[in-house]
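Next come the chains, spelled out residue by residue.
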Amino acid sequence: GLTVLTMAYAVGHVSGGHFNPAVTLGLWAGGRFPARDVLPYWVAQVVGAVLATALVALIAGGAEGWNGGLASNGFAAHSPGHYGMVAALVTEVVMTALFLFIIMGATHGNATHGTGPIAIGMALTLIHLISIPVTNTSVNPARSTGPALFEGGIALEQLWLFWVAPLAGGVLGALAYRKLVAENAD
């Protein structure tokens, strides 16, 4: 949450501040992002996540006894609380939908200027508190891809869910905001 908050303030004026393929797709579905930029953003987001994971692995590798774990996402035996696939899928769809709903509202033209990153960062913190026990919290396919590529095995086998669910949730949240709020506020 705090990382998103600080990065949104630091580079939001350059890139829109989204480092998440689900946010990019949701903003496109919500009519706030051009289709032509979705794929280039996704590539940059995944490359950034892989590089960040490499940096974390390099640093963590300096600790005696580190086992190579990078907080990858998972379900069933790979879930922190051993939640099943359906619970993981529902959690990731709902949390990402709520995240996009909040992003759409916090960045709406009528929202209080400059406060969007605070609302978004707080929302992401709450999302993590809710979903870490279930999936280790994704809501961001790029964030899930970095650790899965380094850990391999079950993390890589289950990665599909952490693309499908957040992307679906992102679109659902943006469309819900557009239908329930934006059409009535504009």
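How each quantity is defined
Residues numbered from 1 in each chain as written. Predicted model: local features only at pLDDT ≥ 70, side-chain atom pairs only at ≥ 80, totals over all residues. Heavy atoms only, no water. Helix = DSSP H or I, 4+ residues; strand = E, 2+ residues; numbered from the N terminus. Buried < 20%, exposed > 50% of the residue type's maximum accessible area, 1.4 Å probe, protein only. Contact = heavy atoms within 4.5 Å. Areas by Shrake-Rupley, 256 points an atom, 1.4 Å probe, with all protein chains shown as cover. Phe/Tyr/Trp six-rings, centres within 6.5 Å; stacked < 30°, edge-to-face > 60°. Core = buried A, V, L, I, M, F, W, Y, C linked by side-chain atoms within 4.5 Å. Expected span 1.5 Å × (residues − 1). Axes fitted to C-alpha atoms, helices over the stretch in contact; angles between N-to-C directions. Parallel < 35°, antiparallel > 145°, perpendicular 65-115°, else oblique. Left-handed = near helix turned anticlockwise from the far one by under 90°. Nonpolar A, V, L, I, M, F, W, Y, C, P; charged D, E, K, R; others polar. Polar contact = N/O pair within 3.5 Å; in protein donor to acceptor, adjacent residues only side chain to side chain.

Comments concerning the overall build of the chain
Link 1 in the chain: In terms of regular secondary structure, the chain is built from 8 helices and 0 strands.
Link 2 in the chain: Start at the N end of the chain and walk to the C end: the helices and strands fall as α-α-α-α-α-α-α-α.
Link 3 in the chain: The proportion of buried residues among the 186 residues of the chain is 42%.
Link 4 in the chain: Contacts spanning at least 24 positions in sequence make up 75% of the contacts within the chain whose residues lie at least 6 apart.
Link 5 in the chain: When the accessible surface of the chain is summed, it comes to about 9400 Å², and 71% of that surface belongs to carbon and sulfur atoms.

Overview of the packing of aromatic side chains
A ring pair, where both rings are aromatic, is described by two values, the distance of the centres and the angle of the planes.
Link 1 in the chain: Tallied over the full model, the rule gives 4 aromatic pairs.
Link 2 in the chain: A centroid spacing of 4.7 Å and a plane angle of 75° characterise the contact between F33 and Y41, whose relative ring orientation is edge-to-face.
Link 3 in the chain: When the centroid spacing of 5.3 Å and the interplanar angle of 80° are considered together, the rings of F101 and Y177 count as edge-to-face. Here F101, found in helix α4 (residues 85-106), pairs with Y177, found in helix α8 (residues 161-185); they are 76 residues apart in sequence, far enough to count as distant.
Link 4 in the chain: By relative accessible area, which is 28% here, F101 ends up partly exposed.

What about the environment of P117?
Link 1 in the chain: Take P117: it is sitting in helix α5 (residues 116-135).
Link 2 in the chain: On the basis of relative accessible area, P117 is assigned to the buried category, the value being 16%.
Link 3 in the chain: Taking the C-alpha atoms as reference points, P117 and A106, 11 residues apart in sequence, are found 7.8 Å from one another.

Some remarks on the nonpolar core
Link 1 in the chain: Within the largest apolar cluster, 22 residues are counted, with the highest numbers of intra-cluster contacts made by V23, L27, F99 and I103.
Link 2 in the chain: Contributing elements (two or more residues each) for this core: α2 (21-29), α3 (38-60), α4, α5 and α8.
Link 3 in the chain: Counting residues per element, this core draws most heavily on α4, which supplies 6 residues.
Link 4 in the chain: Those residues in contact with V23 that sit more than four places away from it in its chain are H18, F99, L100 and I103.
Link 5 in the chain: F75, L161, F162 and A165 belong to the second-largest nonpolar core, a separate cluster that totals 6 residues.

A closer look at α3
For an α-helix the count is 3.6 residues per turn, leaving residues at separations of three or four pointing the same way.
Link 1 in the chain: Over its 23 residues, α3 runs 32 Å from end to end, which matches the ideal 33 Å to within 8%, given 1.5 Å per residue.
Link 2 in the chain: When α3 is considered as a whole, its buried residues turn out to be V38, W42, Q45, V46, A49, T53, A57 and A60.

As for the packing of α3 against helix α6 (residues 141-151)
Link 1 in the chain: At their nearest, the axes of α3 and α6 sit 8 Å apart, and the two run at 50° to each other. The orientation of α3 with respect to α6, classified from their angle, is oblique. As for the relative orientation of α3 and α6, their crossing is right-handed in sense. Between α3 and α6, the residues in contact are Q45, V46, A49, V50, T53, A54 and A57 and A142, R143, T145, G146, P147, L149 and F150, respectively.
Link 2 in the chain: Taken together, the residues of the contact of α3 with α6 break down into 9 nonpolar, 4 polar and 1 charged.

Overview of α6
Link 1 in the chain: Listed as buried for α6 are P141, A142, S144, T145, G146, P147 and A148.
Link 2 in the chain: The opening residue of α6 is N140, an N-cap whose side-chain oxygen sits 2.9 Å from the backbone nitrogen of A142.
Link 3 in the chain: In the stretch just after α6, G152 is the one whose phi turns positive, near 65°.

Observations concerning the packing of α2 against α4
Link 1 in the chain: Between α2 and α4, the least distance of the axes is 10 Å, while the angle of their chain directions is 55°. As the angle between them shows, α2 and α4 are arranged oblique. Once α2 is placed against α4, the crossing between them reads as right-handed. Of the residues in α4, those in contact with A22, V23, G26 and L27 of α2 are T96, F99, L100, I103 and M104.
Link 2 in the chain: Taken together, the residues of the contact of α2 with α4 break down into 7 nonpolar, 2 polar and no charged.

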